[in-house]
Amino acid sequence: MMNHDLLAQKIAREVDELFGKFIQEEINPQVLERDEKGICLSAEILDRACKLGMTSYPIPRELGGGGASLLEWGLMLERVGYLCQDLSFPFVISLRGSVMKMIYKTGRQDLIDRYLKPMIAGDRVPAFAYTDGADPFSFKTVAKDTDGGYLLTGKKLFTTGGANANTLMTYARYQKNGFDDLKVLLVDRNWPGVEVIPLPMAGWRAAGISTIHFHDVYVPEEAVMVATDGLSHVQEFLNARRAILVSPVLGRMQAILEDCTRYLGGSIRYNRPLTVMQGVQAEIGRMYKLVETSRAIVYRALENQSIERDDPLWDPITSLAKSYTTDSAIQLVLTAQRVLGGAGQLRTNHYERYLRDFCGLIPGGGAQGTLDVDLGVAVISRYEA
């Protein structure tokens, strides 16, 4: 097994050098205003991130990307999450990178030239438009044959980054001659019939989460990314997303632990800092366990994916990484608020906002309850006589 600590330190230094000033000067100062007013990250900020190479970090160097493995990408996002007080930012840039990777994996030069290269340059802005409010074979989003392509109707309920995306990787049910399948389509926002409606969210308020409506949108045949078995495609996408999704959360959990410990060390009760009291020490120890255990699981999942030791469609360790880290991040903030008292309720300390954002992970990348069921089924199938 590779030395994760040394690799993480190396990438942290690179992130600090390449992106640190940008994050501190252009993202963090407006975080509370964006949250209070529900303002999504501006197109200018996200374009700047693209120009710096953040969204293309996992794309091969020969195409202009960073050439990072999944583990290296996750470590980069962890450090960004540590530096960035607005987790919507790494959430959006990681999702864009994930869509770009899926386009690259098609191996189709036409899609690479028409979509991926402009995305790397910042001329195209991708988003993942999937959630339909139903299982894939009950989708109300449907594609029907028409001359030279398809007519797309329906809506996608929660599309992260949809507010300022202009290229949507979306999934539509397709039925013909008794055949029922999913197609994956690349839809331009400026095509007639595409409507984007921003959603008022409890958490992730700067992520531009939107509902996308398709009103008889004409999709030409050349915009079909995957013609058949879109279900396997989305399973592969979501499976690869789960550990990447929570990688920035690891960094923010570490930052919360450090901030909380420093504050408690400077708080004096009975002429002693709170950190000398065993009850406080125990709470800090529990927080540390949550951080390090989550980190170990996520690193293992990312390493397995990097060396293709995982199941690409559904991997138990990757699913566990998302599920466990989400639960741990929520518990970490609740513990911090409990031990900090009134300071844990100040908006300027961000804990309430972090709690909302972490709770927003519950339905994302596979809902927590669904992942628990899937993990249980996996264990039963392995050990049941």
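Residues numbered from 1 in each chain as written. Predicted model: local features only at pLDDT ≥ 70, side-chain atom pairs only at ≥ 80, totals over all residues. Heavy atoms only, no water.

As recorded in an unreviewed UniProt entry, the chain goes by the name Acyl-CoA dehydrogenase family protein, listed as coming from Pannus brasiliensis CCIBt3594. Checking UniProt for the chain, the heading Cofactor (unreviewed entry) contains the comment "FAD". Of the comments in the UniProt record for the chain, the one headed Sequence similarities (unreviewed entry) reads "Belongs to the acyl-CoA dehydrogenase family." (UniProt positions renumbered as here; feature names shortened; annotations may be inferred.)

Along its length, the chain carries eleven helices and ten strands. Relative to the 2.2 N^0.38 estimate, which gives 21 Å for 385 residues, the radius of gyration of the chain is 21 Å and therefore close to what a compact globule would have. Overall, the chain is about 80 × 60 × 40 Å in size when its C-alpha atoms are taken along their principal axes. Looking at the chain residue by residue over its 385 residues, the buried ones come to 54%. Carbon and sulfur atoms form 53% of the exposed surface of the chain, whose accessible area is close to 16900 Å². Here the chain contributes 42 positive and 46 negative side-chain charges, whose respective centroids are spaced 5 Å apart. (Helix = DSSP H or I, 4+ residues; strand = E, 2+ residues; numbered from the N terminus. Rg over C-alpha atoms; globule rule 2.2 N^0.38 Å. Buried < 20%, exposed > 50% of the residue type's maximum accessible area, 1.4 Å probe, protein only. Areas by Shrake-Rupley, 256 points an atom, 1.4 Å probe, with all protein chains shown as cover. Lys, Arg positive; Asp, Glu negative; His and termini not counted. Charge placed at Lys NZ, Arg CZ, Asp CG, Glu CD.)

The phi torsion at Trp204 lies on the positive side, around 50°, for a residue other than glycine. Mapped onto the elements of the fold, Trp204 is located in the loop between strand 6 (194-198) and strand 7 (210-220). Residue classification places Trp204 among the buried positions, given a relative accessible area of 5%. Even without being a glycine, Tyr270 presents a positive backbone phi close to 55°.

Moving on, we come to the side chain of Asp181. With respect to the helices and strands, Asp181 occurs in strand 5 (residues 179-188). Within polar-contact distance, the side chain of Asp181 engages the backbone nitrogen of Asp229 at 2.8 Å. Not counting the four nearest positions on each side in its chain, Asp181 is found in contact with Phe137, Ala172, Arg173, Tyr174, Thr228, Asp229 and Gly230. (Polar contact = N/O pair within 3.5 Å; in protein donor to acceptor, adjacent residues only side chain to side chain. Contact = heavy atoms within 4.5 Å.)

This part covers the UniProt feature "domain: Acyl-CoA dehydrogenase/oxidase N-terminal" (unreviewed entry) in the chain. UniProt marks residues 14-123 with the feature "domain: Acyl-CoA dehydrogenase/oxidase N-terminal" (unreviewed entry), using the numbering shown here. Here residues 14-123 is 68% helix and 0% strand, with 26 Å between the C-alpha atoms at its ends.

The UniProt record annotates "domain: Acyl-CoA oxidase/dehydrogenase middle" (unreviewed entry) at residues 132-217. This span, residues 132-217, is 0% helix and 57% strand, and a straight line between its end C-alpha atoms measures 17 Å.

Where helix 4 (residues 70-83) meets helix 5 (residues 88-105), the closest approach of the two axes is 10 Å, and the angle between their N-to-C directions is 160°. Accordingly, the angle class assigned to the pair helix 4 and helix 5 is roughly antiparallel. Taken as a pair, helix 4 and helix 5 cross one another with a handedness that is right-handed. Residues Leu70, Trp73, Leu77 and Val80 of helix 4 form the contact with helix 5, whose participating residues are Phe89, Pro90, Ile93, Ser94, Gly97, Ser98 and Lys101. The residue inventory of the contact of helix 4 with helix 5, partitioned by class, reads seven nonpolar, three polar and one charged. (Axes fitted to C-alpha atoms, helices over the stretch in contact; angles between N-to-C directions. Parallel < 35°, antiparallel > 145°, perpendicular 65-115°, else oblique. Left-handed = near helix turned anticlockwise from the far one by under 90°. Nonpolar A, V, L, I, M, F, W, Y, C, P; charged D, E, K, R; others polar.)

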